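Survey of secondary and tertiary structure
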Amino acid sequence: MPVALGGDMGLDAVILDVKLSVPGRRPGLVTRAALTDARWDAEAATVGVTAPAGYGKSTLLIERAHVEGRKVGWISLDAIDDHPSTLLFLLASAFERAVPAHSGLAAAISGVGAAALRSGTLRLAAAFQQTSAPFVLLIDDLHELRSPECHDVLGVVLAAIPMGCQVVTASRHEQPHLAGLRVAGGVVELAARDLTLDAAAAERIFATAGISIDLRRAHEVVERTEGWPAGLQLAALVAREEEDGAPSVIGTDRYVSDYLEREVFRRLEPAEQRFLRRTAVLDELHGPLCGAVLGEPEAQDRLRDLEASSAFLVPLDRRRERYRCHTLFREFLLGELHRHEPELIEELHLRAADWFESHDAPAAAVEHLLGTHEQRRCTELVAELVQSEYGSGHASTVQRWMKTLGHPAIEAYPPLAVLAGWVAAWEGGTVEALRWAAVADDAFHSLATTDRRASFAASRSVLRAMMCSEGHEQMVADAELASGDEEWSVWRPSALCVLAEARLLAGEPARAEMLFEDATRVGLAMGDSVPVALSESGLALISMDDGRWDEASEHVELALSTIEQHHLDDCAISLMPRAVAARLAVHQADLTQADLQIARAMRARSASTFVFPCLAARGRLQLARACWTRGDYEGARVLLREIDDVLRRRPGLGTLVGEIAAFREMTTSATPGTAPRGVALTPAELRVLPYLQTHLRIADIAQRLHVSRNTVASEVSAVYRKLGVTSRGEAVSQATLLGLLGG
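Calculation notes
Residues numbered from 1 in each chain as written. Predicted model: local features only at pLDDT ≥ 70, side-chain atom pairs only at ≥ 80, totals over all residues. Heavy atoms only, no water. Helix = DSSP H or I, 4+ residues; strand = E, 2+ residues; numbered from the N terminus. Buried < 20%, exposed > 50% of the residue type's maximum accessible area, 1.4 Å probe, protein only. Contact = heavy atoms within 4.5 Å. Areas by Shrake-Rupley, 256 points an atom, 1.4 Å probe, with all protein chains shown as cover. Pairing = 2+ DSSP bridges. 1 Å grid on protein atoms, 1.4 Å probe; cavity = no way out; pocket = protein on both sides within 12 Å on 5 of 7 lines; lining within 4 Å. Points joined across faces, edges and corners; volume = space filled by probe spheres on them. Nonpolar A, V, L, I, M, F, W, Y, C, P; charged D, E, K, R; others polar. Core = buried A, V, L, I, M, F, W, Y, C linked by side-chain atoms within 4.5 Å. Phe/Tyr/Trp six-rings, centres within 6.5 Å; stacked < 30°, edge-to-face > 60°. Lys NZ or Arg CZ within 6 Å of the ring centre and 35° of its normal. Salt bridge = Lys/Arg side-chain N within 4 Å of Asp/Glu carboxyl O. Axes fitted to C-alpha atoms, helices over the stretch in contact; angles between N-to-C directions.

1. Details of the overall build of the protein
Along the protein, the regular secondary structure elements total 40 helices and eight strands. Its C-alpha atoms give the protein principal-axis dimensions of about 105 × 65 × 50 Å. Across the 743 residues in the protein, those meeting the buried criterion constitute 54%. Pairs at least 24 apart in sequence give 68% of the contacts found in the protein among residues at least 6 apart. Of the roughly 32,300 Å² of accessible surface on the protein, a fraction of 52% belongs to carbon and sulfur atoms.

Now the structure itself:
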């Protein structure tokens, strides 16, 4: 039985006054007036604000109380108020303060018996309906009320709110009384997503803490904290202690972890804490997966309960089946897991990997296998996924997998060594590509005639053919060996594509055309985007050289849609599609499109090196033709110099050598009539360019690119000079305008 309330019933008048008084506004807080103006419908009888700790619910209510034109009643709840008679007394007392004409109502309805409670609730509801003075009742920390009887009282009272009056409730937990009121209408609900702060608010928070940050950094910290107001406040405290004032924050930082421990984690039941701590290894939470990882059959019910208690779970669908943890809260939970149950971590990851593999999600399984003792299993799974993941535009994911596995693991599994060389070549990693090709060759010879040797012979032959290090005749032999593999080998589309290129070098365009068509057909059937983009580019080139421009247009369209759909821009794969698209656009007199494709091809060429010499030289030749036709003579000459560098390293490129010589002769004998109109950044300058969009210093960029600081400084100066700018911001703007950056 709770302690009765009232001056003569045991509750200190001072405490009651604090609970019923509107708190003052704290200086320096970000105003939420715009939110209440936009979402706070004065006609709504009920407003429910529901969000986890630190989302500014109390601040929102306080600010509203101070600007509200109607009479205001306020209640701050805490755990001792979790009884229907206590709640009823507080509701009546707050109403009395807002509408003094009803003075004495609280004392009149006080009582602890069930009968008195029922009559008192009805009497308060009647008083609400009878009042002529518009009022607003603001109730903070409603989550402190856990008993169903309290919510029953609240439901009866709220249903009696008259027109022009309003009750606003703020809670960390789901508000049960809102469910019935939604049906009747007149309910406004605000959730965590409505209370997040933007970059402008972040700038103001940091300024209050004495730290100046620009808009870009403000966007970064908002993304990191997901706009969580308390997180931004804590990030400002962290930044104030950092030497450079950088606005970085993680869930295991002492300020953040202390807050989450006190305000969220310790308020949960031990079983709930254990559930969240252990499922923190998962990116996404849903019942079957959590049940498999934890061995808990009722995991979906647990998730639903945790969502209702606003335990920093973000719903990912409307069916309440899938969730994720707030980024910082998940980091906090992982820290707790490492501290309290480190011996469980690998087992949790292995169970997750088993579940994902059994549910046809091998990429997710890899993420959990990385770092476990089952390295061979992980390596083999990565090898199965590299082509499809890379071809879907997930190059960074593939590179991260390989970096995490490490060189020894890749060397121990020859099929993955081939793939490592293949990926490195497409990304412009010349040294790495050659290294892995040599590893694959050594492994092939050491495996003699075993089945294991046969299993990756095709992939090795494709890589050797594309590298063309021994001339086009050996390229034909390697490509024929690879293309003779089983009909539905994962390497067959690439093998057909590289064999077609080899036939082009041999001066057999008709045979090349047939092979390119086969490569497209098989590639589309197998969902292999890389050979499709390249074979369609080859078909477009052959069609243009034959004067079949309508056919060329169809091939260009498919090539471009393939690289765009699979996010393959800015890697070597996109050079040929963009170059032939530029040439086609010039022919069609679509000069705007031609310039756009030229700019994007120039951007992509930095990744196309002599490692795959046919594509590097042929792509640059087509691009140089387009540049020359558009009057960018200096750009064409730069491309010819780059082709010369390819030929010095790979001279045996068959008929392509003659095509290059013919174009060079034409450019040498021609007398251009107009000034250069393009921007010809070197590959090294193009590699530096994207970093100018970041906050990284010259030294940081040099470290990322594995070159000296002086080299980067020289390249940045060259970029400024060629773009005609004097600052980073101007360089980024001009490069974006020219198509050298951005989509």
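2. Details of the pairing of strand S3 (residues 135-140)
Residues in a regular strand point their side chains to alternate faces of the sheet. Counting buried positions along S3 gives six out of six residues, so the element sits mostly inside the fold. A two-sided burial pattern is seen for S3, the buried positions comprising Phe 135, Leu 137 and Ile 139 on one face and Val 136, Leu 138 and Asp 140 on the other. Pairing between strand S2 (residues 71-76) and S3: six bridges, direction parallel. Among the inter-strand pairings, Lys 71 is bridged to a residue of S3, identified as Phe 135.

3. Quick notes on empty space enclosed by the protein
Under the definition given, this model contains two cavities of 30 Å³ or more. Considered as a void within the structure, the largest cavity measures approximately 200 Å³ in volume. Contributing to the lining of the largest cavity are 21 residues, with Met 466, Cys 497, Glu 501, Leu 534 and Leu 615 lying nearest its centre. For the lining of the largest cavity, the secondary-structure elements that each account for two or more residues are helix H23 (414-426), helix H28 (492-505), helix H30 (529-545) and helix H34 (613-629). A per-element tally of the lining of the largest cavity places H30 first, with six residues. Each residue belonging to the lining of the largest cavity can be placed in one class, and the counts come to 16 nonpolar, three polar and two charged. Considered as a void within the structure, the second largest cavity measures approximately 30 Å³ in volume. Around the second largest cavity sit Ala 425, Trp 426, Ala 572, Ser 608, Thr 609, Val 611, Phe 612 and Leu 615, which together line it.

4. Examining the nonpolar core
Residues Tyr 390, Leu 416, Trp 422, Trp 426 and Ile 573 are the most contacted members of the largest nonpolar core, which totals 193 residues. In this structure, Leu 90, Ala 98, Leu 158 and Leu 181 belong to the second largest nonpolar core, which totals 35 residues.

5. Let's talk about the packing of aromatic side chains
Enumeration over the complete set of coordinates arrives at 15 aromatic pairs. When the ring of Phe 95 is compared with that of Phe 128, the centres are 4.7 Å apart and the planes differ by 65 degrees; the resulting orientation is edge-to-face. With Phe 95 in helix H4 (residues 84-98) and Phe 128 in helix H6 (residues 114-130), this pair connects stretches of sequence that are 33 residues apart. For the residue pair Phe 95 and Phe 128, the accessibility class agrees, reading buried in each case. Look at Trp 422 and Trp 491: their rings are 5.9 Å apart centre to centre, the planes differ by 85 degrees, and that puts the pair in the edge-to-face class. With Trp 422 in helix H23 and Trp 491 in the loop between helix H27 (472-483) and H28, this residue pair connects regions lying 69 residues apart in the sequence. You can call Trp 491 buried: its relative accessible area is 8%. A cation sits over an aromatic face here: Arg 435 above Trp 436, 4.6 Å from the ring centre.

6. What about the pattern of salt bridges?
Counting across every chain of the model gives 57 salt bridges. Asp 214 is paired through a salt bridge with Arg 216; the nearest N and O atoms lie 4.0 Å apart. You can call Asp 214 partly exposed: its relative accessible area is 38%. In this structure, Arg 503 and Glu 508 form a salt bridge, with 3.3 Å as the shortest nitrogen-oxygen distance. Linked through salt bridges whose partners overlap, the residues forming this network are Arg 172, Arg 262, Glu 263 and Arg 267.

7. Remarks on the sheet that holds strand S1 (residues 46-50)
Pairing is parallel in the open sheet, where five strands are placed in the order S2-S3-S4-S1-S5. Either end of the sheet is taken by a strand with one partner, and the two such strands are S2 and strand S5 (187-190). The average angle at which neighbouring strand axes cross in this sheet is 15 degrees, direction not considered. The sheet contact formed by S1 and S5 spans four bridges and is parallel. Bridge pairing in S5 links Gly 48 to Glu 189.

8. Some words on the sheet that holds strand S7 (residues 313-315)
Spatially, three strands are ordered S6-S8-S7 in an open sheet, and the strand pairing comes out antiparallel. Looking at which strands have only one partner, the edges of the open sheet turn out to be strand S6 (285-286) and S7. Where S7 meets strand S8 (residues 322-325), three bridges bridge the pair, whose relative direction is antiparallel. Bridging across to S8, Pro 315 finds its partner in Tyr 323.

9. Focus on the environment of Leu 539
Along the polypeptide, Leu 539 turns up in helix H30. With 41 residues separating them in the primary sequence, Leu 539 and Val 580 have C-alpha atoms 10.0 Å apart. In contact with Leu 539, not counting residues within four places along its chain, are Glu 513, Phe 516, Glu 517, Thr 520 and His 555.

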